[in-house]
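Descriptive analysis of the structure
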Amino acid sequence: MKALTDLTEREVLALAIASEEEDSRIYRSFAESLRADLPGSAGLFEAMADEERGHRDDLYAAYRERFGEHLPPLRREDVRGFPRRRPFWWQGLDAGRMRRETEAMEAQAAGFYERAATLTRDLGVRQLFTCLAEIERGHGRRAEALTAEQETGDAAAEEAKAAHRLFVLRYVQPGLAGLIDGSVSTLAPLFAAAFATHNNGQTFLVGLAASIGAGISMGFTEALSDDGSITGRGSPWLRGLVCGIMTTVGGLGHTLPYLVPDSWTNAFAIATLLAALVVAVELLAISAIRTRYMETPFWRAALQVVLGGVLVLLAGVAIGSA
């Protein structure tokens, strides 16, 4: 692996061409990921991608004039100490992080061109490198200015609103769906086992199995239901993980009281009372989350969730007591 100072003029030009092409693709990816929610920021990255592609064309024209059509297959990874752009590093970034990364990328590019200008003996190529260094620094200043602009006034409010919407879509909705399923669907098997056996240990095992099973099922259902490419709901596996964990947590909440040892006096009654209290807390928490993030009036959310939970609980008690 060579250092930058060990490269020939041809290799330096080829490296610059490859770098501009790669940065253009990264900026276009930024634009694509922001287009639906932040069109202003997406437009900036689209313009920067076009400029980087223009730089690539200028560099290739200079290369063809001196060395012909063929470009050696030289990449950032082939040069020791050269800043690298890993293909996964920009995935999942928010707009603020994208702008900060852009500032760093442009500063690195400017430093590269300033260094490259000292390595070429061709006056025209040297002038091109010097010009590109100044342009890249201008890009960095534009990204910095956009960051300051987005952090104040209407732009900041609009971006905060968009970020909140994405947070709800990607985390709150799958988490809430899991919490509702875990808190409600596991009531029937848990209380059926409790009233059928009057044994805390066996009831706990049933509740544990129901909670974990529901978590795995809901996690895969959420992950496979929507890949996020159209809805913008983000990584399906991250949503599935959130949904699965919250489903399991919802079921375990009213399962844990049955860890009360059967050797205690009135152990079954104590565990069942505690489980019922936990269920009440879970249902109220679900109602509060729906009010906070889904803008559902609390009384309506509580009525819907509590009614469903009570019906499932009574079904479990009736089956277990039969």
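Since we're looking at a predicted model, the values are computed, not measured.

As for the packing of aromatic side chains
What the rule picks out here adds up to 9 aromatic pairs. With centroids separated by 6.3 Å and ring planes inclined at 25°, the aromatic side chains of Y27 and F45 adopt a geometry described as stacked. Of this pair, Y27 sits in helix α1 (residues 9–34) while F45 is found in helix α2 (residues 39–67), placing the two residues 18 residues apart along the sequence. Residue class for F45 comes out buried when judged on its relative accessible area of 1%. Each member of the aromatic cluster is reached from another via a ring pair, and the members are Y27, F30 and F45. Positioned above the aromatic ring of Y60 is the side chain of R56, whose terminal nitrogen or guanidinium carbon lies 5.1 Å from the ring centre. Here the basic side chain of R292 rests over the ring of Y293, its NZ or CZ set 4.7 Å away from the ring centre.

Here we look at the nonpolar core
In globular proteins that are soluble, nonpolar side chains generally tend to be buried together. Membership of the largest hydrophobic core comes to 22 residues, with the highest contact counts inside it found for L59, F112, Y113 and F129. Those elements giving two or more residues to this core turn out to be α1, α2, α3 (95–117) and α4 (123–150). L59 has contacts with L13, A16, I17, E20, Y113, L128, F129 and L132, leaving out every residue within four places of it along the chain.

What counts and how
- Residues numbered from 1 in each chain as written.
- Predicted model: local features only at pLDDT ≥ 70, side-chain atom pairs only at ≥ 80, totals over all residues.
- Heavy atoms only, no water.
- Phe/Tyr/Trp six-rings, centres within 6.5 Å; stacked < 30°, edge-to-face > 60°.
- Helix = DSSP H or I, 4+ residues; strand = E, 2+ residues; numbered from the N terminus.
- Buried < 20%, exposed > 50% of the residue type's maximum accessible area, 1.4 Å probe, protein only.
- Lys NZ or Arg CZ within 6 Å of the ring centre and 35° of its normal.
- Core = buried A, V, L, I, M, F, W, Y, C linked by side-chain atoms within 4.5 Å.
- Contact = heavy atoms within 4.5 Å.

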